[in-house]
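# Commentary on secondary and tertiary structure
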Amino acid sequence: MKTLNSYNFSAISRWLSVLAVLIAPQLVQAAATWQATVGAQSHDLGRQALAFLANELWVHVGDSITWTFATDEVHTVTFLTPGQTRPASQVGCPGVTPNPSPFDNSACVNSGRLTSGSYTVSFPAAGNFKLVCLVHANMTGAVHVLNSSEPLPFDQRFYDFQANREANALLSDGAGLEGQGIATAEQAGANGSERRHRRDRSDWRGISNPLSHALSKGYDCRP
Ligand SMILES: [Cu+2]
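Residues numbered from 1 in each chain as written. Predicted model: local features only at pLDDT ≥ 70, side-chain atom pairs only at ≥ 80, totals over all residues.

### Remarks on the overall build of the protein
Along the protein, the regular secondary structure elements total 4 helices and 10 strands. Reading the helices (α) and strands (β) of the protein from amino to carboxyl end gives α-β-β-β-β-β-β-β-β-β-β-α-α-α. Looking at the protein residue by residue over its 223 residues, the buried ones come to 31%. Residue pairs in contact within the protein that sit at least 24 positions apart in sequence constitute 67% of those at least 6 positions apart. (Helix = DSSP H or I, 4+ residues; strand = E, 2+ residues; numbered from the N terminus. Buried ≥ 20, exposed ≤ 12 C-beta atoms within 10 Å, placed from the backbone. Contact = placed C-beta atoms within 7 Å.)

What follows is the structure, encoded as structure tokens:
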């Protein structure tokens with residue numbers, strides 16, 4: 001015969017299992033997918049911004065970033081392994097890698113040459129990773145992957161704001177060259193991008209405080 005105590009115990013343990021199921025997912029930080037864009041263009045297609053927008057992102061281990069392509073100019077999203085010689089865009093890693101692909105420096109990841117669609121890369125390990133476009137030598141970006149215990153300095157809204165501001169700046173750099181042909185305007189975009197990256201050239205490896213690093217680079221943290 002069951003005692004009142006044993007009924008209570010089984011009822012309590014049932015409730016505890018239900019609570020565990022309800023609470024556990026809240027305790028595990030959900031992996032986020034961040035959004036970024038590859039390049040931008042003026043409405044008349046005459047000016048191209050050759051840049052990753054936003055150019056630099058901080059994410060957590062396990063997060064992904066989806067890069068959207070929406071310009072007539074072809075670009076790639078490529079992560080080379082340390083020391084890997086930069087291949088031609090038609091050659092790639094060699095080749096392209098599946099969408100999505102993980103990147104942790106151990107194997108090259110490459111979207112291939114795209115003008116539309118999107119490409120997603122996940123980041124299973126902490127570290128600082130350089131992003132390149134194999135079509136445009138000066139078109140680079142950076143992804144800082146932090147452990148989940150570390151706070152992220154910016155949210156998606158900030159990156160969207162940053163991306164817009166950067167695109168406008170690069171496209172207006174090219175505006176003065178309108179009428180001299182798309183190649184010249186593209187060059188202006190490349191130069192704009194180069195200027196920006198020269199400012200960014202301080203080595204970002206081993207950053208201990210990403211926020212102050214970002215602030216020191218003049219990022220406006222109040223979108
Ligand atoms: Cu490019």
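### Here's the deal with the environment of Gln35
Considering the arrangement of structural elements, one finds Gln35 in strand E1 (residues 33-41). For Gln35, a count of 16 C-beta atoms within 10 Å corresponds to the partly exposed category. The sequence separation of Gln35 and Thr120 amounts to 85 residues, and the corresponding C-alpha distance is 9.2 Å. Residues within four places of Gln35 in sequence aside, it is in contact with Thr66 and Gln156.

### Side note on the confidence of the model for the protein
Mean pLDDT over the protein stands at 78; residues scoring 70 or higher make up 64%. This stretch, residues 176-223, has a pLDDT under 50; its non-local contacts, to residues over four places away or in other chains, come to 56 contacts. (pLDDT = per-residue confidence, 0-100.)

### Brief notes about the sheet that holds E1
A sheet is described by the order of its strands in space; here 5 strands give the open sequence E2-E1-E4-E8-E6, paired in mixed fashion. Since the sheet does not close on itself, it has two edges, and those belong to strand E2 (48-53) and strand E6 (101-102), each with one partner. Relative to strand E8 (residues 118-122), strand E4 (residues 64-69) is paired through 5 bridges, and the arrangement is antiparallel. The partner of Thr68 across the bridge, within E8, is Ser118. (Pairing = 2+ DSSP bridges.)

### Observations regarding the environment of Gly92
Of note, Gly92 is situated in the loop between strand E5 (78-79) and E6. Along the sequence, Gly92 and Cys108 sit 16 residues apart, while their C-alpha atoms lie 8.8 Å from each other. Not counting residues within four places of it along the chain, the set of residues in contact with Gly92 comprises Pro87, Asn110, Gly112 and Leu134.

### Remarks on unusual backbone geometry
Across the junction of Leu53 and Ala54, the peptide omega takes the value -5°, indicating a cis bond. Following Asn99, the chain continues into Pro100 via a peptide bond in cis, with omega recorded as 5°. The residue Pro100 is located in the loop between E5 and E6 in this model. For Leu45, which is not a glycine, the phi torsion comes out positive at approximately 65°. Here Leu45 is to be found in the loop between E1 and E2. The class of Leu45 is exposed, set by 11 C-beta atoms lying within 10 Å. Even without glycine at this site, Asn105 takes up a positive phi of about 80°. Relative to the helices and strands, Asn105 resides in the loop between E6 and strand E7 (109-110). Taking the number of C-beta atoms within 10 Å as the measure of exposure, Asn105 has 15 and is therefore partly exposed.

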